[in-house]
Amino acid sequence: MMKQYKEWINETMKKSSLKYLLILLAGLALGWLFFHSSSQKEKTETGVKKEVHKRTIWTCSMHPQIKMDKPGKCPICGMDLIPLEESGSSGKDTIIDPNSIQLSEEAMALANVQTSVVSSENPVKVIRLYGKIQPDEQLMQSQTATVNGRVERLWVNFTGESVKKGQTLASVYSPEVYTAQQELLETARMGDSQQKTYLLNAAREKLRLWNLTEQQIAAVEKSGKASPIVEIKATASGRVVAKQVSKGDYINQGGVLFQITDLSRVWAVFQAYEEDLPFLKTGSVINFALQAVPGKLFSGKISFIDPVINPTTRTAGIRVELNNSDGKLKPEMFVTGNVKATLTKNKKQLVIPQSAVLWTGQRSIVYVKTPGTSVPTFTMREIELGPSLSGAYVVLNGLESGEEIVTNGAFAIDASAQLEGKQSMMNQTKPEHKMTGSMPGMDMH
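Residues numbered from 1 in each chain as written. Predicted model: local features only at pLDDT ≥ 70, side-chain atom pairs only at ≥ 80, totals over all residues. Heavy atoms only, no water.

If you check an unreviewed UniProt entry, the protein appears there as Cation transporter from Bacteroides sedimenti.

Have a look at this one:
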């Protein structure tokens, strides 16, 4: 009995040991599979992270010149840095010029960088001119005193009054004319003789020299009475633009009493700067407008260009003759005109917007977009400019048709180049050091 009990105990223990051994082996196998997979996965993920980290730099969307090798804050504005793929990370981009500037699409959008393709066209220069309406100098006349004396009465009393040819302007008391009339009457009373005829003609001619008309002389002979009052007549029709005499003034023969001009024709005189004169010529059409006549566009041809430059304003007068029979155009009115001049010497030239050009004082700079890059890349280029147009320039040298240039935001790109130590509008030398992950203005040696 005891022997059988011991055999049962031994057999049970053997089965339990085998069972535990199997459980232990199964646990070891599961543990090896679990930890081996996790380790392999961790190695794979670490390798990917390292690869991504190796291919990615971080920049500020507002300050693209900031480039860091890890995420963080912009040292200028404090904004979160955004990832930016390094050039060549895709294996496709190759930057030939080390001075090229790269911007992400986000940075270009925030800096409002815009580009356009350069093309050839027939340039037209629009010249804007300013001037005034002036009287036609050919129609201006001075009304002068024909005798010495005192002004007894003015028949024209204010500036701007309209007068007609032959109208009496003033009555003048003149003792000299009175004496000459008496001589005429005394000669007329002489008996008939050859000497009387000679003396009578001499007395009449003396009165004619004082600008008395034949009718006035005949009236004196007919009435037989001499008068010291002489009437001064208008020699032209028009408007009084200047009154230089008053009642009671003593005047001398030849003194100016009134300035009269005919305003049925006037001049529009524009002032053109000396750099615009080569594009203006006699016969060119000027379209102009007046603030006093809104909604109406006037047009005329250049009739005269002043041959002398005003030393103060550095301009020359450009004259346009206009018909003013309706009297709407009045002297001293301001006029604004435009002249479209076709540049015959620059046909089929490249034309770029003025906003694309950066001036250094001696050089003209544009930024050209490098084709075939996944990341927008720009390179500075010096160009030679021709005549300036309305909002554009003619390019003589430095660009070719079909190239893409920056037309808006060029200054932001140039600022980035300056901060990175690359060639820029203010720096023509090639950089010796390159900043990466540093504050602006610091050189990393």
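Structure shown, so let's carry the discussion forward.
K.L.:
Any chance you could explain the pattern of salt bridges here in plain terms?
P.N.:
A pair can form between side chains of opposite charge whenever their charged atoms are brought close. Applying the stated criterion to the full structure yields 13 salt bridges. The partner of Lys 206 in a salt bridge is Glu 183, with the nearest N and O atoms 3.7 Å apart. Here the residue Lys 206 occupies a position in helix H4 (residues 194–209), and Glu 183 occupies one in helix H3 (residues 175–188), the gap between them amounting to 23 residues. Linked by salt bridges that have partners in common, Glu 205, Arg 208 and Glu 214 make up one network. (Salt bridge = Lys/Arg side-chain N within 4 Å of Asp/Glu carboxyl O. Helix = DSSP H or I, 4+ residues; strand = E, 2+ residues; numbered from the N terminus.)

K.L.:
For this particular structure, what's the right way to read the sheet that holds strand S13 (residues 238–243)?
P.N.:
Hydrogen bonding along the main chain pairs the strands of a sheet, whether they run parallel or antiparallel. The sheet built from 4 strands is open, its strands ordered S8-S15-S13-S10 with antiparallel pairing. Both edges of this open sheet fall to strand S8 (140–144) and strand S10 (162–163), since each of them pairs with a single strand only. Sheet analysis places S10 next to S13, joined by 2 bridges and oriented antiparallel. Across the sheet, Ser 162 pairs through a bridge with Arg 239, a residue of S13. (Pairing = 2+ DSSP bridges.)

K.L.:
I would appreciate a short explanation of the packing of H3 against helix H5 (residues 214–223) in the present structure.
P.N.:
Axes are the key here: two packed helices are described by the angle between their axes and the distance separating the axes. One way to put it is that H3 packs onto H5 with a least axis distance of 10 Å and a crossing angle of 55 degrees. Classified by the angle between their axes, H3 and H5 sit oblique to one another. In the packing of H3 onto H5, the handedness of the crossing is right-handed. On H5, the residues touching Gln 181, Leu 184 and Leu 185 of H3 are Ile 217, Val 220 and Glu 221. (Axes fitted to C-alpha atoms, helices over the stretch in contact; angles between N-to-C directions. Parallel < 35°, antiparallel > 145°, perpendicular 65-115°, else oblique. Left-handed = near helix turned anticlockwise from the far one by under 90°. Contact = heavy atoms within 4.5 Å.)

K.L.:
Looking at this model, I keep getting lost on the side chain of Thr 261. Mind explaining?
P.N.:
With respect to the helices and strands, Thr 261 occurs in strand S15 (residues 256–261). Excluding its chain neighbours within four sequence positions, the residues that come into contact with Thr 261 are Pro 135, Asp 136, Leu 139, Met 140, Gly 238, Arg 239 and Val 241.

K.L.:
What is the right way to look at the pairing of strand S1 (residues 56–59) in this model?
P.N.:
Alternating positions in S1 separate into two faces, Thr 56 and Trp 58 on one and Ile 57 and Thr 59 on the other, with burial throughout. Across 2 bridges, the pairing between S1 and strand S2 (residues 67–68) is antiparallel. What sits directly across from Thr 59, in S2, is Lys 67. (Buried < 20%, exposed > 50% of the residue type's maximum accessible area, 1.4 Å probe, protein only.)

K.L.:
What exactly am I supposed to notice about the nonpolar core here?
P.N.:
One recurring pattern in soluble globular proteins is that nonpolar side chains are buried together. The biggest cluster of nonpolar side chains holds 27 residues, and the ones touching the most others in it are Leu 207 and Phe 258. Going through the elements one at a time, strand S9 (149–154), strand S11 (168–173), H3, H4, strand S12 (229–233) and S15 are the ones with two or more residues in this core. Those residues within four positions of Phe 258 in sequence are excluded, and the remaining contacts are Gln 141, Ser 142, Gln 143, Leu 154, Val 156, Leu 169, Val 240, Ala 242, Lys 243 and Val 245. In this structure, Phe 270, Ile 286, Val 320 and Val 339 belong to the second largest nonpolar core, which totals 21 residues. (Core = buried A, V, L, I, M, F, W, Y, C linked by side-chain atoms within 4.5 Å.)

K.L.:
Honestly, the packing of aromatic side chains in this entry has me stumped. Any pointers?
P.N.:
One pair of aromatic rings is described through two measures. These are the centre distance and the angle between the planes. Summed over the entire model, instances satisfying the criterion amount to 3 aromatic pairs. Consider the rings of Phe 270 and Phe 288, whose centres lie 5.8 Å apart with planes at 65 degrees: the pair is edge-to-face. Placement of the pair is Phe 270 in strand S16 (residues 265–273) and Phe 288 in strand S17 (residues 285–290), with a sequence separation of 18 residues. Exposure class is identical for Phe 270 and Phe 288. Each is buried. Both rings, one in Phe 288 and one in Phe 298, keep their centres 5.6 Å apart while their planes meet at 15 degrees; by these two values the pair is stacked. One end of the pair, Phe 288, is in strand S17; the other, Phe 298, is in strand S18 (residues 293–305), and 10 residues separate them in sequence. A relative accessible area of 1% means that Phe 288 is categorised as buried. (Phe/Tyr/Trp six-rings, centres within 6.5 Å; stacked < 30°, edge-to-face > 60°.)

K.L.:
Quick question: what am I supposed to make of the packing of H3 against H4 here?
P.N.:
Where H3 meets H4, the axes come as close as 9 Å, and the angle between the chain directions of the two elements is 160 degrees. The angle between the axes of H3 and H4 places the two elements in the roughly antiparallel class. You can see that H3 and H4 cross each other, and the crossing is left-handed. In contact with Val 177, Ala 180, Gln 181, Glu 183, Leu 184, Thr 187 and Ala 188 of H3, H4 contributes Lys 196, Leu 199, Leu 200, Ala 203, Arg 204, Lys 206 and Leu 207. Its residues placed into classes, the contact of H3 with H4 shows 8 nonpolar, 2 polar and 4 charged. (Nonpolar A, V, L, I, M, F, W, Y, C, P; charged D, E, K, R; others polar.)

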